[in-house]
Amino acid sequence: MSQYEIKEHDVLVIGAGGAGLRAAIEASSLGVNVGLVCKSLLGKAHTVMAEGGVAAALANVDAQDGWQTHFRDTMNGGKMLNNWRMAQLHAQEAPERVKELERWGAVFDRTKDGKILQRAFGGHTWKRLCHVGDRTGLEMIRTLQDRGVHQGIEVYMECTITKLFKDGDRICGAFGYYREDGRYILFKAKAIVLATGGVGKSFTVTSNSWEYTGDGHALAYDTGADLIDMEFVQFHPTGMVWPPGVRGILVTEGVRGEGGILRNSLGERFMFKYLPEATKNDYAANEEEAIKWTNAAVAGEKTDARRPPELSTRDNVARAIYTEVKEGRGSPHGGVFLDISYQDSERVKKKLPSMYHQFKDLADVDITAGPMEVGPTMHYIMGGVRVEADTCMTRVPGLFAAGECSGGMHGANRLGGNSLSDLIVFGQRAGAGAASYVKNLTGHPEIDKGQIEEAIEEMEAPFKRSEGVNPYDVAKELNKVMSTYVGIFREEGDLKTGVAKLEELKEMAKKAKATGSKSYNPGWHLCRDLHNMMICSEAIARSALSRKESRGAHSRLDYPNTEAEWSTCNTAVERSEGGMKLEHTPLPEMPSELKELFKKKEPSHA
Amino acid sequence: MPEASTRTATLKVYRGDREKGEFKTYKVPVEAGMVVLDAIHYIQQNFDPELAVRWNCKAAKCGSCSGEVNGMPSLMCKTRMDKFRPDEEIMVQPIKTFPIIKDLVTDVSWNYEVNKRITPFTPAEDANWTFYQEDIDRVQEFRKCIECFLCQNVCHVLRDHDRKDTFMGPRFMVRTAGLEMHPLDEADRLKFLKEEGHIGYCNITKCCTEVCPEDIHITDNAIIPLKERVVDEFYDPIGKFIRGVLGVDKKKAKK
């Protein structure tokens, strides 16, 4: 039998991006012993790539803003499918969490009167995104990382968790391996917080890194939690499309927030055509009004002009770009043009420094001199582990989830900037929830030896296959299936084909073979990651097939309308004897005082 | 820019661990705009799934994929294949200053240990959180650091003299500068810089500045001002006496 080392913590946090770090800091400050596991080195998690900003109704730039408006924008952006309580907590607590980051050393860009500067973003009524140029995520993760290391949290870097253990119903530990040498590690833990991020590696064109294989989603699913809203996958409207090597890399929404204009090959500012009737009045009616808004925003002045159509929600802009390209009005490399070059070049470099360098270094394009080519890229999953809003606990006692791997907060579509705020609001709540759970726990859950043996066997198996397939081939095939059959626009035939192909791929994934030693062996790691990618992909495809309407990021060609009857349920999947079980469960109903907020609809000016 | 290419590049990639290793040769088809990290991934996917490399964002934001390409310390995700001549062999090896774990991956854990020793951000209880862009421009430059550790890799004190036992290296001078120059920070890290970080070891050759992918002016903007502060504090007894007599708040005076 293989050896493993044993570590013991009250709370084990899996994932060290914004949510995981914030959860670890919170739990540790409440006096419980915390371990923090990260798949990469500390400070490299996906949060580091977030660019545009963190949404919080501080009202530093637009004094009219407040949590109610942020709440309403979030629910409208999510097409009312959000868990209302999460959206409420998020809107109420984001300002305090952002100020807390500042007190911990984050250095946000400033307004002229010395407060945190806020910029416009898609779907937000007011200028709401606190930012540091276009590297807000780096600022956030570094601040949290430095806070965390001085708080006595034990960090396990380059360590991947493959299994969670329960004693009866309750969580009791986790098993994993170190990348460095493949040695195994067993964590005894009274509570576990999942903060593992998303699932992007299931798609060909994505802004996500190698880590994004849906680990938290799959660990929770395998442990008896349920996943909701998995059909809602966000394609960010603006990823790079050229050259091939950089395809999918994110182009921040901040470009549009700062006044970036989208045009097709005919030079047409096409977003005016794609504004949904329901929100049309929130946006400029013509180019003249849009220009007036941008000029005022650049000058830091008030205006009665409404915001440009490029600041529509992400689902809508992504569909618009996809449609323009499909109908033959795309750019030379299959995208559309995004232009900020009409502005003063020094300002562009100051406000969007990493975009400037990204295009100059990787694509030979000077964004201060000409337009960028952009197109949709898989960016985020709204769906995730179902949690209780106030504590972030899943239905498995002792198992918590926060950030992208949790579900409910963003409904059918996430607004830009609401992810970084989600991380700190619910990271804090999950940390507090887990600490409180541990303090009230009676008895001492124990890990069953047999389960540990199984976990080891599962990791050893890829080395024992003499016949087998290259795990990279399986991953490539999976990318193809998801991108072809479960992409931006969906329809029944495609989805059914996708589900069938996933069944075949599941069998293929079981044959994935590892060669060589256990020392830093990416092929071996991928063999295990495929298990998680398959679960998430199947959940996405089956959920998409089941929702017979279009809503937010879920666009059905065969059911193009948003239907009232679908507005009251979440799609939920769970593990069962016969495979993945899917049902539609009732959406928690919003209390009447919050419903009131949606009745009086004043026109918004920003 | 060429739209398509059937060119093949020859890469020689270090394969091995800290005891022994060799350069293995691979032929990789080159696409327009391809970077060295793409070529490494191609090898991983098609020839050798065991090839170890660290990467995350592939957009020069996370600082994971540091390596030495034809001897030049750089981020592999930012190193374009078309900067090499078509017949040029491309040597890819791990950064030299840190122990090799496997192939292109090194053990950089020492850096995380150094970081723990730096006194964290310490604002006053009653700090006024109103401050202006001009107060933080220089701090924001330091906070752009993506911790790729290329500056640590090329620093002579660490690379050639292996003084990890005493010298903290440019990365952590930058971090300390970011804290010391924060308008609301109240802590004093000068004694630490002198006696534990050994800032005096740096002889300002600016190699760190040259390799920084974030264009941080490490030497001019971080290290030299810190050196000046250390000199003022420890080697200027008259100035120190005058400040003492006048009761000038040292921290406020230097901001």
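Definitions and cut-offs
- Think of each chain on its own: its residues are numbered from 1, step by step along the sequence as written.
- The lettering of chains begins at A and the numbering of ligands begins at 1, in the order of writing.
- Totals for whole chains, interfaces and linings use every residue, but because this is a predicted model, local features are given only for residues with pLDDT of at least 70 and side-chain atom pairs only at 80 or more, for both listing and counting.
- Side-chain metrics rest on all non-hydrogen atoms present in the structure, leaving aside hydrogens and water.
- Secondary structure elements follow DSSP: runs of H or I of four or more residues count as helices, runs of E of two or more count as strands, with numbering from the N terminus.
- Computation of the radius of gyration draws on C-alpha atoms alone. For the globule rule, the value is 2.2 Å times the number of residues to the power 0.38.
- Think of it in three bands: with a 1.4 Å probe and only protein chains considered, a residue is buried below 20% of the maximum accessible area for its type, exposed above 50%, and partly exposed in between.
- Any two strands are treated as partners once DSSP identifies two or more bridges connecting them.
- Only Phe, Tyr and Trp rings take part, Trp by its six-membered ring, and two of them pair if their centres are within 6.5 Å. Stacked means planes under 30 degrees apart, edge-to-face means over 60, and tilted covers everything else.
- The source of the domain bounds is an automatic or database domain assignment.
- Here, residues are in contact when the closest pair of their heavy atoms is within 4.5 Å.
- Once two parts are joined, some of their accessible surface, as seen by a 1.4 Å probe, is lost; buried area is that loss totalled over both.
- Note on definitions: salt bridges are taken to be side-chain nitrogens of Lys or Arg within 4 Å of carboxyl oxygens of Asp or Glu.
- In this classification, the charged set is Asp, Glu, Lys and Arg, the nonpolar set is Ala, Val, Leu, Ile, Met, Phe, Trp, Tyr, Cys and Pro, and all remaining amino acids, among them Gly, are polar.
- Here the expected length of a helix is defined as 1.5 Å per residue gap, with one fewer gap than residues.
- What the bend at a residue measures is the angle between two axes, fitted to the seven residues ending there and to the seven starting there.
- As used in this structure description, the phrase polar contact means that two N or O atoms lie within 3.5 Å; if the pair is within protein, one of them must be able to donate a hydrogen and the other to accept it, and residues adjacent in sequence are counted only when both atoms belong to side chains.
- Axes here mean lines fitted to C-alpha atoms, for a helix over just the part in contact, with angles spanning 0 to 180 degrees between N-to-C directions.
- Roughly parallel here means an angle under 35 degrees, roughly antiparallel means over 145, roughly perpendicular means 65 to 115, and every remaining angle is called oblique.
- Handedness of a crossing follows from how the near helix is turned relative to the far one, being left-handed for an anticlockwise turn of less than a right angle and right-handed for a clockwise one.

Trainee: Which residues make up the overall build of chain A, and what are the values?
Mentor: When helices and strands are counted, chain A shows 16 helices and 21 strands. For chain A, the C-alpha radius of gyration of 23 Å lies close to 25 Å, the compact-globule estimate for 606 residues. Overall size of chain A, expressed as C-alpha extent along the three principal axes, is 70 × 50 × 50 Å. For chain A, with 606 residues in total, the buried portion stands at 67%.

Trainee: So what's going on with the pairing of strand 8 (residues 170-178) of chain A? Which residues, and what values?
Mentor: On a regular strand, each side chain points to the face opposite its neighbour's, so the side chains alternate between the two faces of the sheet. Residue and element names in this part refer to chain A. Judged by how many residues are buried, strand 8 sits mostly within the fold: eight of nine residues are covered. For strand 7 (residues 159-167) and strand 8, the ladder comprises eight bridges, and the chain directions are antiparallel. Looking at strand 8, one finds that leucine 164 is bridged to alanine 174. Two successive antiparallel strands, strand 7 and strand 8, enclose a turn made up of two residues, where glycine 168 displays a positive phi of approximately 65°. Where strand 8 meets strand 9 (residues 184-194), five bridges bridge the pair, whose relative direction is antiparallel. Bridge pairing links phenylalanine 175 to leucine 186 in strand 9. Between the end of strand 8 and the start of strand 9, which pair antiparallel, lie five residues, with glycine 182 showing a positive phi angle near 75°.

Trainee: Could you give an account of the sheet that holds strand 3 (residues 54-55) of chain A, with specific residues and numbers?
Mentor: Residues and elements named next belong to chain A. If you trace the three strands from one edge of the open sheet to the other, you get 3-5-4, paired in antiparallel fashion. Where the open sheet ends on each side, the last strands, each with one partner, are strand 3 and strand 4 (118-119). Relative to strand 5 (residues 129-130), strand 4 is paired through two bridges, and the arrangement is antiparallel. Bridge pairing in strand 5 places glutamine 118 opposite cysteine 130.

Trainee: Give a detailed account of the packing of aromatic side chains, specifying residues and quantitative values.
Mentor: Residues and elements named next belong to chain B. One pass over the structure, following the stated rule, counts 17 aromatic pairs over all chains. Taken together, a centroid distance of 5.8 Å and an interplanar angle of 75° make the contact between tyrosine 42 and phenylalanine 47 edge-to-face. With a relative accessible area of 29%, tyrosine 42 lands in the partly exposed category. Between tyrosine 112 and phenylalanine 149, the ring centres sit 6.1 Å apart and the planes meet at 80°, which makes this aromatic pair edge-to-face. Linking tyrosine 112 in helix 2 (residues 109-116) with phenylalanine 149 in the loop between helix 3 (133-142) and helix 4 (150-154), this pair joins segments that are 37 residues apart in sequence.

Trainee: Before we move on, could you go through the domain arrangement of chain A and cite the residues and values that matter?
Mentor: Residues and elements named next belong to chain A. According to the domain assignment, chain A contains domain 1 (237-376) and domain 2 (450-563). Opposite the five residues of domain 1 that make contact, domain 2 presents five residues. Among the residues domain 1 hides against domain 2, the three largest losses belong to Asp315, Arg319 and Tyr322. Together they make up 82% of the total. The interface formed by domain 1 and domain 2 contains zero salt bridges. For the side of domain 1 that touches domain 2, the element with the most residues is helix 8 (residues 314-326), which contributes four residues. Looking at the side of domain 1 that touches domain 2 residue by residue, the class counts come to two nonpolar, one polar and two charged.

Trainee: Now, about helix 12 (residues 449-464) of chain A: what can you tell me, with residues and values included?
Mentor: Residues and elements named next belong to chain A. Between its first and last C-alpha, helix 12 extends 22 Å over 16 residues, near the 22 Å set by a 1.5 Å rise per residue. Glutamate 458 marks where helix 12 bends most, by close to 30°; the proline proline 462 follows one to four residues later. Those residues of helix 12 that fall on the buried side of the exposure criterion are Ile452, Ala455, Ile456, Met459, Glu460 and Pro462. On its buried side, helix 12 packs onto strand 1 (4-14), strand 7, strand 8, strand 9 and helix 15 (522-546).

Trainee: Can you tell me about the pattern of salt bridges, naming the residues and giving the values?
Mentor: All names here are of chain A. Using the criterion set out here, one finds 85 salt bridges over all chains in the structure. Of the charged contacts in the structure, one is a salt bridge between glutamate 574 and arginine 395, with a shortest N-O distance of 2.4 Å. Of this pair, glutamate 574 sits in strand 20 (residues 569-576) while arginine 395 sits in the loop between strand 15 (384-386) and strand 16 (399-401); the two residues are 179 residues apart in sequence, bridging distant segments of the chain. The partner of lysine 599 in a salt bridge is glutamate 596, and the shortest N-O contact between them spans 3.3 Å.

Trainee: Which residues make up the interface of chain A and chain B, and what values do they have?
Mentor: Across the contact, 63 residues belong to chain A and 60 residues belong to chain B. Of the roughly 5000 Å² buried at the junction of chain A and chain B (both faces included), carbon and sulfur atoms supply 52%. For the pair chain A and chain B, the number of links is eight salt bridges. Here chain A is connected to chain B by 40 residue pairs in polar contact (both at pLDDT 80 or more). Contributions of two or more residues to the side of chain A that touches chain B are made by helix 3 (84-103), helix 4 (136-149), helix 10 (353-363), helix 13 (471-485) and helix 15 of chain A. The residue makeup of the side of chain A that touches chain B, split by class, is 23 nonpolar, 19 polar and 21 charged.

Trainee: Got a sec to walk through the domain arrangement of chain B? Specific residues and values, please.
Mentor: Residues and elements named next belong to chain B. By the assigned domains, chain B splits into domain 1 (8-106) and domain 2 (109-254). Computed over C-alpha atoms, the centres of domain 1 and domain 2 are 32 Å apart. Listed per partner, the contact involves 16 residues of domain 1 and 17 residues of domain 2. Each partner contributes to the roughly 1200 Å² buried at the junction of domain 1 and domain 2, and carbon and sulfur atoms together form 57% of this total. Looking only at domain 1, the three residues that lose the most surface to domain 2 are Pro73, Thr97 and Phe98, adding up to 44% of its buried area. Along the contact surface separating domain 1 from domain 2 lie one salt bridge. The shortest N-O distance in the salt bridge between glutamate 68 and arginine 159 comes to 2.8 Å. For the pair domain 1 and domain 2, the interface holds seven residue pairs in polar contact (both at pLDDT 80 or more). Where the side of domain 1 that touches domain 2 is concerned, the elements lending two or more residues are strand 3 (66-69) and strand 4 (72-75). Looking at the side of domain 1 that touches domain 2, the element that brings in the most residues is strand 4, giving four residues.

Trainee: So what's going on with the packing of helix 4 of chain A against helix 11 (residues 418-440) of chain A? Which residues, and what values?
Mentor: Residue and element names in this part refer to chain A. Their axes nearest at 11 Å, the elements helix 4 and helix 11 cross at an angle of 15°. When the interaxial angle is binned, helix 4 and helix 11 end up roughly parallel. Considering the relative orientation of helix 4 and helix 11, their crossing is left-handed. Contacts between helix 4 and helix 11 involve Thr136, Gly137, Met140 and Leu144 on the former and, on the latter, Leu420, Leu423 and Ile424. For the contact of helix 4 with helix 11, the per-class residue count stands at five nonpolar, two polar and no charged.

Trainee: Can you tell me about helix 11 of chain A, naming the residues and giving the values?
Mentor: In this model, helix 11 of chain A (23 residues) spans 32 Å end to end at C-alpha, consistent with the 33 Å of a helix rising 1.5 Å per residue. Of all 23 residues in helix 11 of chain A, 19 are buried, a share of seventy percent or more.

Trainee: Can you explain the side chain of histidine 217 of chain A? Please cite residues and give values.
Mentor: Residues and elements named next belong to chain A. Mapped onto the secondary structure, histidine 217 falls in helix 5 (residues 215-222). Residue histidine 217 is classed as buried on the basis of its relative accessible area of 0%. Of the polar contacts made by the side chain of histidine 217, one reaches the backbone oxygen of glycine 383; its length is 3.2 Å.

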